[in-house]
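Here is what each chain is made of, one letter per residue.
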Amino acid sequence: MYDPTHLRTFMAVAQTLSFTQAARRLGLRQSTVSQHVRRLEDATGRQLFTRDTHSVELTEDGEAMLGFARRILQVHEQATAFFTGTRVRGRLRFGASEDFVLTRLPEILEGFRYDHPEVDLELTVELSGTLHEQLAAGKLDLVLAKRRTEDPRGELVWRDDLVWIGAERLRLDTDRPVPLIVYPPPGITRARALEALEREGRDWRIVCTSGSLSGLIAAARAGLGVMAHSRRLIPPGLFRLPDRAGLPDLGKVDFVLVHGRRRGTAEEAAHALATAVLAGGERLRRSS
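Only a predicted model underlies this, so the values are computations on that prediction, with no experimental measurement involved.

Trainee: Is there a simple way to explain the packing of aromatic side chains in this structure?
Mentor: The way to describe two aromatic rings as a pair is by their centre distance and the angle between their planes. With the rule as written, the count across this model stands at five aromatic pairs. Ring geometry for Phe-10 versus Phe-49: centroids 5.4 Å apart, planes at 50°, classification tilted. One end of the pair, Phe-10, is in helix 1 (residues 4-16); the other, Phe-49, is in strand 1 (residues 49-51), with 39 residues separating them in the sequence. For the pair Phe-10 and Phe-49, a shared accessibility class is recorded, and that class is buried. Ring centres 4.6 Å apart and planes at 25° place the aromatic pair Trp-158 and Phe-255 in the stacked group. Taken together, the residues Trp-158 in strand 6 (residues 155-166) and Phe-255 in strand 11 (residues 252-259) connect sequence positions 97 residues apart. For the pair formed by Trp-158 and Phe-255, the shared burial category is buried. Through pairs of rings, three or more aromatic residues link up here, namely Phe-10, Phe-19 and Phe-49.

What follows is the structure, given as structure tokens:
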């Protein structure tokens, strides 16, 4: 009833919220992407997206289809691997940024290990900037992290707003420097926060530095200051600061998959894991 090709296209649009980005990811024309989505909507008899000239959003039926599509494609790939006799194997060094510590990434990795038991998976959790450095040095095979502004590489998993967050009762004094809770260099959100404040001529002071997301969350919950964070990954107990707080806009942030240079079994394993991450992308935006 549901064509796997149409489901993959639907998932690419759902994860990027852009027909243009989905077309680039899949190597298709935008008209083909629209056609695949339309045929899937015809098959379901439901509207899966609301869209205008400026935005694309999932409907309630689209949200439901997202979960079904992921499971259908996962079973489809398992069946294909079983009957073709293809077995992915080898050592895979995978790096994930601190942003995903509180998401359901472990479920995706668990499913990957179940589907590919002959892959020796090594996980590194670090700052996005550090992971990009390790990938460039040949120490990792695949990285899931935020993309540097100047770096065009990587397959887009999703794009999000970067926002200021803090404790619910936190109040900022506009006459005093902004109290910042930040990752150490080369943290990407750290750099973006400092650049935005300096661009607006706002004074700031660092009240907490930690390489651990848990450390930053503890400081923020204690009301020590504010931190820049992905809007869809705001940790429990913290809240987006309202516009009246007077802090500058931080823009968008891209979460991407970037492959290393190793070939052979590592490349095959990296491709298989990248497929699993893209298929389960909506779960990365949910708390565990």
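Trainee: It is not clear to me how the pattern of salt bridges should be interpreted in this structure. Could you clarify?
Mentor: Where charged atoms of side chains with opposite charge meet at close range, the side chains can pair. Tallied over the entire structure, the rule returns twelve salt bridges. Between Asp-141 and Arg-93 there is a salt bridge, with the nearest N and O atoms lying 2.9 Å from each other. Taken together, the residues Asp-141 in the loop between helix 6 (128-136) and strand 5 (142-146) and Arg-93 in strand 3 (residues 90-97) connect sequence positions 48 residues apart. Take Asp-141 and Arg-93: they sit in the same class, and that class is buried. Note that Asp-161 and Arg-231 form a salt bridge whose closest N and O atoms lie 3.2 Å from each other. Residue Asp-161 is located in strand 6, and its partner Arg-231 is located in the loop between strand 9 (227-230) and strand 10 (239-240); the two are separated by 70 residues in the primary sequence. Through salt bridges with shared partners, a single ionic network connects Asp-160, Asp-161, Arg-231, Arg-232 and Lys-252.

Conventions used here
- Residues numbered from 1 in each chain as written.
- Predicted model: local features only at pLDDT ≥ 70, side-chain atom pairs only at ≥ 80, totals over all residues.
- Heavy atoms only, no water.
- Phe/Tyr/Trp six-rings, centres within 6.5 Å; stacked < 30°, edge-to-face > 60°.
- Helix = DSSP H or I, 4+ residues; strand = E, 2+ residues; numbered from the N terminus.
- Buried < 20%, exposed > 50% of the residue type's maximum accessible area, 1.4 Å probe, protein only.
- Salt bridge = Lys/Arg side-chain N within 4 Å of Asp/Glu carboxyl O.

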